[in-house]
Amino acid sequence: MTDNTIKYNNLSGLKRENFRKEINGKETDLFILRNATGMEVAATNYGCALLSIMVPDRQGQYSNVILGHDSIEHVIGSPEPFLSTTIGRYGNRIAKGKFTLYGEEHQLAINNGPNSLHGGPTGFHSRVWDAIQPADNMVIFNYTSADGEEGFPGTLQVEMTYRLENEANALAIEYRATTDKATVVNLTNHGFFNLAGIATPTPTVLDNILTIHADYYIPIDEVSIPTGEILKVEGTPMDFRTPHAIGERIDAPFEQLKNGAGYDHCYVLNKTERGSLDLAATCLCPSSGRTMEVYTTEAGLQLYTGNWLNGFTGSHGATFPARSAVCFEAQCFPDTPNKAHFPSAVLLPGDEYQQITVYKFGIQED
């Protein structure tokens, strides 16, 4: 890891000494990214967790718009272990923690009811990544996931770049991965966003106006595993093709919302070309005027409305009650290894997994 000189007047108020710790022979650290427009992002190489994203509101006031922690101990001990971290080897759920690949059955850890979630309890979110910061606006993380780690086959070499665009207030996350044995890969970032800014308590996102460019979604059963169907959003509370407040229909008497305790579903994005970088979703916070556009090369986008947040304390004493964040997790479809008709998540030796997801921040025009 290269030395990372932190300017102590960073907008987030985070301190480098609170993030330096040796874990299994590797050092954790704090990385501050800045671009030419004044945007600032703080991250740590423990789980590649995003700690703060500082962007202005309509009055020009900067606030942190992502839920995070202010020390490495709090990141490690977070009541929400996936809080704004990178997720792997397989984001979302795999039914009963089992899948068969080329005739061989693989058993994963069970950590979400009867299922495996987000790569298991010691997935990528709980690993110390190697990191270098080659420029003020960029940090590059690398991790080698061993063959058999959390039950997944193949040694996976992963490189991920967090990069701030200099022309706009945008955070791009670029993923690459290769394997020496057939495996399944589904990487994502589990950013918990609140465009009003975190506070004590952090307000709900129920008034946020959301648009998702998806004609279809993937319904789930009572333990949040896809039923295998791909259904139209039309005529249901799942329809965000035109703008709706998140809270407008979240408690509607609709089976899918009951199964997810709110929105916790993968949307099938409208794609004209596989792997193209397209606008997937837009979110507007009426109180702050902040907007966020999500662009991704992925086919799916998991919408999660922080239904299970329980009011725990995060950065600088901020508290995070239920539904005080919205997540846009760009990914393959859940349980794809057990759903042959879903687009494959298999990665073979000689091939490269690639993904780009961009979170672009702006201000609503009056």
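Residues numbered from 1 in each chain as written. Predicted model: local features only at pLDDT ≥ 70, side-chain atom pairs only at ≥ 80, totals over all residues. Heavy atoms only, no water.

Chemist: For this particular structure, what's the right way to read a nonpolar patch on the surface?
Modeler: Judged by side-chain polarity, Y102, V346 and L348 come together as a nonpolar surface patch covering roughly 290 Å² of accessible area. Along the chain, V346 falls in strand β29 (residues 346-347). Relative accessible area serves as the criterion here: at 33%, V346 is assigned to the partly exposed category. (Patch = residues over 30% accessible without salt bridge, like charges linked within 9 Å, V, L, I, M, F, W, Y side chains within 5 Å. Areas by Shrake-Rupley, 256 points an atom, 1.4 Å probe, with all protein chains shown as cover. Salt bridge = Lys/Arg side-chain N within 4 Å of Asp/Glu carboxyl O. Helix = DSSP H or I, 4+ residues; strand = E, 2+ residues; numbered from the N terminus. Buried < 20%, exposed > 50% of the residue type's maximum accessible area, 1.4 Å probe, protein only.)

Chemist: When you look at the side chain of N307 in this model, what are you seeing that I'm missing?
Modeler: Within the fold, N307 resides in the loop between β25 (300-304) and β26 (312-313). Here the side chain of N307 touches A261 through a polar contact of 3.4 Å, landing on its backbone oxygen. Within the structure, N307 has its side chain in polar contact with the side chain of T305 (distance 2.7 Å). Setting aside anything within four residues of it in sequence, one finds N307 in contact with I250, G260, A261, G262, Y263, D264, A322 and R323. (Polar contact = N/O pair within 3.5 Å; in protein donor to acceptor, adjacent residues only side chain to side chain. Contact = heavy atoms within 4.5 Å.)

Chemist: I tried to follow the pattern of salt bridges on my own but got confused; where do I start?
Modeler: Opposite charge on two side chains lets them pair, provided their charged atoms get close. If you walk through the whole model with that rule in mind, you get 15 salt bridges. Among the salt bridges present, the one from R163 reaches E165, with a minimum N-O distance of 3.0 Å. Between R176 and E352 there is a salt bridge, with the nearest N and O atoms lying 2.8 Å from each other. Highlighted residues: R176 in strand β15 (residues 170-179) and E352 in the loop between β29 and β30 (353-363), separated in sequence by 176 residues. The class of R176 is partly exposed, set by a relative accessible area of 40%. Take E352: its relative accessible area is 39%, and that puts it in the partly exposed class.

Chemist: Mind showing me how you'd approach the packing of aromatic side chains here?
Modeler: Any pair of aromatic rings gets described here by the distance separating the centres and the angle formed by the planes. The full count for this structure, using the stated rule, is 13 aromatic pairs. Note on F193 and F361: the rings are 6.3 Å apart at their centroids and 50° apart in plane angle, and the pair reads as tilted. On the criterion of sequence distance, the pair formed by F193 in the loop between β17 (188-189) and β18 (209-212) and F361 in strand β30 is long-range, its members being 168 residues apart. F361 shares its class with F193; the two are buried. Joined through ring pairs, the aromatic side chains of F31, F141 and Y162 make up one cluster. (Phe/Tyr/Trp six-rings, centres within 6.5 Å; stacked < 30°, edge-to-face > 60°.)

Chemist: It is not clear to me how the nonpolar core should be interpreted in this structure. Could you clarify?
Modeler: A general tendency of soluble globular proteins is for nonpolar side chains to be buried together. Formed by 59 residues in total, the largest nonpolar core has its most connected members in I53, Y162, Y267, F328 and F361. When residues in this core are grouped by element, the largest group, 5 residues, is from strand β14 (residues 156-164). Core analysis: the next-biggest nonpolar cluster, separate from the first, contains 12 residues, L14, L30, A42 and V128 among them. (Core = buried A, V, L, I, M, F, W, Y, C linked by side-chain atoms within 4.5 Å.)

Chemist: Would you explain the environment of K181 in this entry?
Modeler: With respect to the helices, strands and loops of the structure, K181 is situated in the loop between β15 and β16 (183-184). By relative accessible area, K181 is classed as partly exposed at 37%. Between the C-alpha atoms of K181 and G350, which are 169 residues apart in sequence, the distance is 9.4 Å. Among all residues touching K181, those that are not within four sequence positions of it are D147, P153, G154, L347 and P349.

Chemist: Explain the sheet that holds strand β12 (residues 130-135) to me, please; I cannot follow it from the model alone.
Modeler: In sheet architecture, strand pairing relies on hydrogen bonds along the backbone and comes in two forms, parallel and antiparallel. Taken together, the 9 strands give an open sheet; going across it, the order is β12-β13-β14-β15-β30-β24-β23-β18-β21, and neighbouring strands pair in antiparallel fashion. Only two strands of the sheet have a single partner each, and these edge strands are β12 and β21 (244-245). (Pairing = 2+ DSSP bridges.)

Chemist: What exactly am I supposed to notice about the environment of N166 here?
Modeler: Tracing the sequence through the fold places N166 in the loop between β14 and β15. Between the C-alpha atom of N166 and that of R34, which follows or precedes it by 132 residues, the distance is 8.6 Å. Excluding anything up to four places from it in sequence, N166 contacts N35, A36, T37 and N137. Here the side chain of N166 touches A36 through a polar contact of 2.9 Å, landing on its backbone nitrogen.

Chemist: What is the right way to read the pairing of strand β10 (residues 104-107) from this model?
Modeler: Two faces, one strand: in a regular strand the side chains alternate between the faces of the sheet. Alignment of strand β9 (residues 98-101) against β10, held across 4 bridges, turns out to be antiparallel. Bridge pairing in β10 places L101 opposite E104.

Chemist: Where do I start with unusual backbone geometry in this structure?
Modeler: As a rule of thumb, non-glycine residues mostly have phi less than zero, and peptide bonds are mostly trans rather than cis. With omega at 5°, the peptide bond leading from G88 into R89 counts as cis. With respect to the helices and strands, the residue R89 is situated in the loop between β7 (86-87) and β8 (93-94). Notably, R323 is not glycine yet its phi reads approximately 65°, a positive angle. Looking at the element boundaries, R323 is found in the loop between β27 (319-320) and β28 (327-331). Under the relative-accessibility criterion, R323 is labelled buried at 16%.

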